[in-house]
Amino acid sequence: HAPMWFAMIILFTVSLVYSAMYLSSSNPANDRKAVAFTRVGIVFGLLGLVTGALWAKYTWGQFWSFDVKQNMSAIAMLIYAAYFVLRRSFDDLEKQARISAVYNIFAFAAMIPLLFVIPRLTDSLHPGNGGNPGFGGEDLDNTMRMIFYPAIIGWTLLGVWISNLSHRLSTLEERWLERGLN
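Residues numbered from 1 in each chain as written. Predicted model: local features only at pLDDT ≥ 70, side-chain atom pairs only at ≥ 80, totals over all residues. Heavy atoms only, no water.

Undergrad: An account of the packing of aromatic side chains is requested, with residue identities and associated values reported.
TA: As enumerated under the stated definition, the model contains eight aromatic pairs in all. Taking the centre distance of 5.7 Å and the plane angle of 85 degrees together, the rings of F6 and F148 count as edge-to-face. Taken together, the residues span a long stretch of sequence, with F6 in helix α1 (residues 2-25) and F148 in helix α5 (residues 142-178) at a distance of 142 residues. On the basis of relative accessibility, which here comes to 11%, the residue F148 falls in the buried class. An aromatic cluster is defined as three or more aromatic residues linked by ring pairs; in this entry it consists of F6, F148 and Y149. (Phe/Tyr/Trp six-rings, centres within 6.5 Å; stacked < 30°, edge-to-face > 60°. Helix = DSSP H or I, 4+ residues; strand = E, 2+ residues; numbered from the N terminus. Buried < 20%, exposed > 50% of the residue type's maximum accessible area, 1.4 Å probe, protein only.)

Okay, here's the thing in structure tokens:
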């Protein structure tokens, strides 16, 4: 599940960049790209939570042990899910895009302490938390590295591809609506 989370963080970072670009240019294409990357990032985050719960059942004996990393990850996903609730609450497309871009920046800023700071301050079942460095020699041996790092690259490329498809689809839908072919 960890490679999906790495890909999710990369997708959210790209979404953050597109939101900042939208705020500086008001180009609707940047908003559509931010939405697409956020949408796929959330899917990867949810897949990471589900597969992490399956791994937790095997490793720790239960699907959800209320570990700090599990809880903070769930909160981060809820914050990002609120992005789409916020978008739907505005009829004016320009206002929707502008406020969503600002919220996207907030969500990314909230994700950093939730996933990287708070879990390291407390003891956790996860490696790399409670003061011990993650992905050290005891956490990830060379045979796992041969799978882990290519998996991060593969999930990230898959996420970028799906995000680009989603952006292209939203662009086509917008053109369809502009022409009145509803």
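Next, the rest of the story.
Undergrad: Please set out the confidence of the model for the protein chain residue by residue, giving values where relevant.
TA: Across the protein chain, the average pLDDT comes to 88, with 90% of residues at 70 or higher. Looking across the protein chain, the model is least confident in α5, with a mean pLDDT of 89, and most confident in α1, with 96. (pLDDT = per-residue confidence, 0-100.)

Undergrad: For the nonpolar core, give the residues involved together with the corresponding values.
TA: It is characteristic of soluble globular proteins that their nonpolar side chains tend to be buried jointly. Counting 28 residues, the largest nonpolar core has M8, F12, Y80, M111 and L115 as its most contacted members. Among the secondary structure elements, those contributing two or more residues to this core are α1, α2 (28-60), α3 (68-88) and α4 (93-121). Aside from chain neighbours lying at most four places away, what touches M111 is M8, I9, F12, A76, Y80 and F116. (Core = buried A, V, L, I, M, F, W, Y, C linked by side-chain atoms within 4.5 Å. Contact = heavy atoms within 4.5 Å.)

Undergrad: Describe the side chain of S15, and please don't skip the residues or the numbers.
TA: Inspection of the secondary structure assignment puts S15 in helix α1. The residues touching S15, leaving out its near neighbours within four places in the chain, are A34, F37, T38 and N104.

Undergrad: Residue-level account of unusual backbone geometry, with values.
TA: The phi torsion at S26 lies on the positive side, around 60 degrees, for a residue other than glycine. Relative to the helices and strands, S26 is located in the loop between α1 and α2. You can call S26 partly exposed: its relative accessible area is 45%. Its identity as a non-glycine residue notwithstanding, F66 has a phi of 55 degrees, on the positive side. Following the sequence through the fold, F66 ends up in the loop between α2 and α3.

Undergrad: Now, about the pattern of salt bridges: what can you tell me, with residues and values included?
TA: Tallied over the entire structure, the rule returns three salt bridges. Taking the shortest distance from any N to any O, the salt bridge between R87 and D31 comes out at 3.0 Å. Here D31 lies in helix α2 and R87 lies in helix α3, a separation of 56 residues in the sequence. Accessibility expressed as a relative area gives 9% for D31, which makes it buried. Here E174 makes a salt bridge to R32, at a shortest N to O gap of 2.9 Å. Taken together, the residues E174 in helix α5 and R32 in helix α2 connect sequence positions 142 residues apart. Residue classification places R32 among the buried residues on the basis of a relative accessible area of 15%. (Salt bridge = Lys/Arg side-chain N within 4 Å of Asp/Glu carboxyl O.)

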